[in-house]
Amino acid sequence: MRWLFVAALFVSVAVAVTTVAHQPLVPETRTTVRVATYNIHKGADRENTYDLRRTIAAIAAFDADLVGLQEVMRNDAAFACDDQAARIAAGLRTATGQPWTYVFVAGWTGESRECQRRGRGDGPATEGVALFAPGRILASRWVQLSTWRRGLAAWIGAMPRRPIIVAHLTANGENQPTREREVAALMPWARRLDAAIVMGDLNALPDATEMAPLQSDYRDAWPEAARHNRAAGVVSGATRPGRRLARIDYVFYDRDGLTLDGVDVVDTSTPSGLTEVSDHRPVVATFRLPASAVR
């Protein structure tokens, strides 16, 4: 099984490193859409060794129509002052021969301007979420979820009338009330946009109370795939290496608008098996599209 991955919408992205123009609504002739979500751990592996080349290679192998990333850094001296979104897009273009585009929105912003002082950055260190597509991103929007968290939506040619959202909710058990507030901001926004897919690192187990609004409006792709023998990759579905039951990265999809073909929780172990590209595993899902999705 392969690695599973609007007319006149106005773009308003806090840091959109690649400018996304408003494109004509020209649907692609497609029967499927393939998406992926991946917390890239700032481009570092489980041993905290920074090597964005491994991240790029992993993403290229998803063969996805849209990839949502979390923990994407800019202007951070601990990560070579890289503009990671720009570097990932350039690396994907080289690796695949496709004209990858992206949008990035900063969530957390630090105080350090070390990279700017070195002449290698354009502002303070930031961390955010990003969406990447091998073709055009037609439009994008973002929403404030909490002080340091934002959700990001994008429309792509394979499904131009309904967006796909990526989010990264606050971590750690003691921050459950914050996640509940973030979900309370995320879900009405997703409904207003008529989002087909909501995905990301949600930092909560499936039975956590903050997950209930998502589960009410959308289907959780991995257990749906597992029930129908369409789940591949890590058998347990765990998205945190070394933590068997920790499934905190999700692809949720609309109950009426998409048909799930399969899901892969990708094992990104290095050849030695001693570490993985990130401290999270990617979740890649493929859906069949109704005819109305591209009309």
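Residues numbered from 1 in each chain as written. Predicted model: local features only at pLDDT ≥ 70, side-chain atom pairs only at ≥ 80, totals over all residues. Heavy atoms only, no water.

## Describing the overall build of the protein chain
Heads up, the rule is: Labels follow the DSSP assignment, with helices taken as runs of H or I lasting at least four residues and strands as runs of E lasting at least two, numbered in each case from the N terminus. Any residue under 20% of the maximum accessible area for its type is buried, any over 50% is exposed, and the rest in between are partly exposed; the area is computed with a 1.4 Å probe on protein chains only. Here the accessible surface of atoms and residues is derived via Shrake-Rupley with a 1.4 Å probe, and residues count as covered only by protein chains that are part of the display.
Looking only at helices and strands, one finds 6 helices and 13 strands in the protein chain. Expressed as a percentage of the 295 residues in the protein chain, the buried residues total 57%. Of the accessible surface of the protein chain, which amounts to about 12,300 Å², a share of 49% is contributed by carbon and sulfur atoms.

## A few points about helix α1 (residues 52–60)
Just so we agree on the cut-off: Here, the arc refers to the directions that run from the helix axis to the C-beta atoms.
Every buried residue belonging to α1 is among Leu52, Thr55, Ile56, Ala58 and Ile59, and all of these are buried. Looking down the long axis of α1, one finds its buried residues gathered within 160° of arc, a one-sided arrangement.

## A word on helix α2 (residues 84–96)
Applicable threshold: Multiplying 1.5 Å by the helix residue count minus one yields the expected span of that helix.
A rise of 1.5 Å per residue sets the reference length of α2, with its 13 residues, at 18 Å; its end C-alpha atoms lie 18 Å apart and thus fit the reference within 8%. Within the span of α2, buried status applies to Gln84, Ala85, Ile88, Ala89, Gly91 and Leu92. Projection of α2 onto a plane perpendicular to its axis shows the buried side chains occupying an angular sector of 165°, all on one side. Just beyond α2, the residue with positive phi is glycine 97, at close to 75°.

## Remarks on unusual backbone geometry
Notably, aspartate 63 is not glycine yet its phi reads approximately 55°, a positive angle. By the secondary structure assignment, aspartate 63 is in the loop between α1 and β2 (66–74). Of the residues examined, aspartate 63 reaches a relative accessible area of 44% and is grouped as partly exposed.

## Here we look at the sheet that holds strand β8 (residues 197–201)
Quick reminder of the rule: In this scheme, strands are said to pair when DSSP sees at least two bridges between them. Axis definition: a line fit to C-alpha positions, over the contact stretch in the case of helices; interaxial angles, taken between N-to-C directions, run 0 to 180 degrees.
Taken together, 6 strands build an open sheet; the order of strands is β5-β6-β7-β8-β11-β9 and the sheet is mixed. The open sheet terminates on both sides in strands that have one partner only, identified here as β5 (137–146) and β9 (218–220). Taken over all neighbouring pairs, the strand axes of this sheet differ in orientation by 20° on average, direction set aside. As paired elements, β5 and strand β6 (residues 149–156) share 8 bridges and run antiparallel to each other. Of the residues in β6, the one forming a bridge with arginine 141 is alanine 153.

## Focus on the sheet that holds strand β3 (residues 101–109)
An order of β3-β4-β2-β1-β13-β12-β10 is seen for the 7 strands of this open sheet, with the pairing classed as mixed. In this open sheet, the two strands that pair with only one neighbour each are β3 and β10 (231–233). For this sheet the average axis-to-axis angle between neighbouring strands, irrespective of direction, equals 20°. In this sheet, strand β12 (residues 259–265) lies alongside β10 in parallel orientation, the contact comprising 3 bridges. What sits directly across from alanine 232, in β12, is aspartate 264.

## Looking at the pairing of β12
Of all 7 residues in β12, 5 are buried, a share of seventy percent or more. Alignment of β12 against strand β13 (residues 283–288), held across 6 bridges, turns out to be antiparallel. Across the sheet, residue aspartate 264 finds its bridge partner in β13, namely valine 284.

## Considerations on the pattern of salt bridges
Worth spelling out the cut-off: Between Lys or Arg on one side and Asp or Glu on the other, a salt bridge is scored when a side-chain nitrogen of the former is within 4 Å of a carboxyl oxygen of the latter.
Taken as a whole, this structure holds 20 salt bridges when the rule is applied. The partner of glutamate 127 in a salt bridge is lysine 42, and the shortest N-O contact between them spans 3.7 Å. On the criterion of sequence distance, the pair formed by glutamate 127 in strand β4 (residues 126–133) and lysine 42 in the loop between β1 (32–39) and α1 is long-range, its members being 85 residues apart. Relative accessible area serves as the criterion here: at 14%, glutamate 127 is assigned to the buried category. Linking arginine 219 and glutamate 224 is a salt bridge whose minimum nitrogen-to-oxygen distance equals 3.6 Å. Overlapping salt bridges bring together Asp45, Asp51, Arg53 and Arg54 as one network.

## Focus: the environment of glycine 237
Within the element layout of this structure, glycine 237 appears in the loop between β10 and β11 (249–254). Judged by its relative accessible area of 0%, glycine 237 is buried. The spatial distance from the C-alpha of glycine 237 to the C-alpha of valine 266 is 9.1 Å, given a sequence separation of 29 residues.

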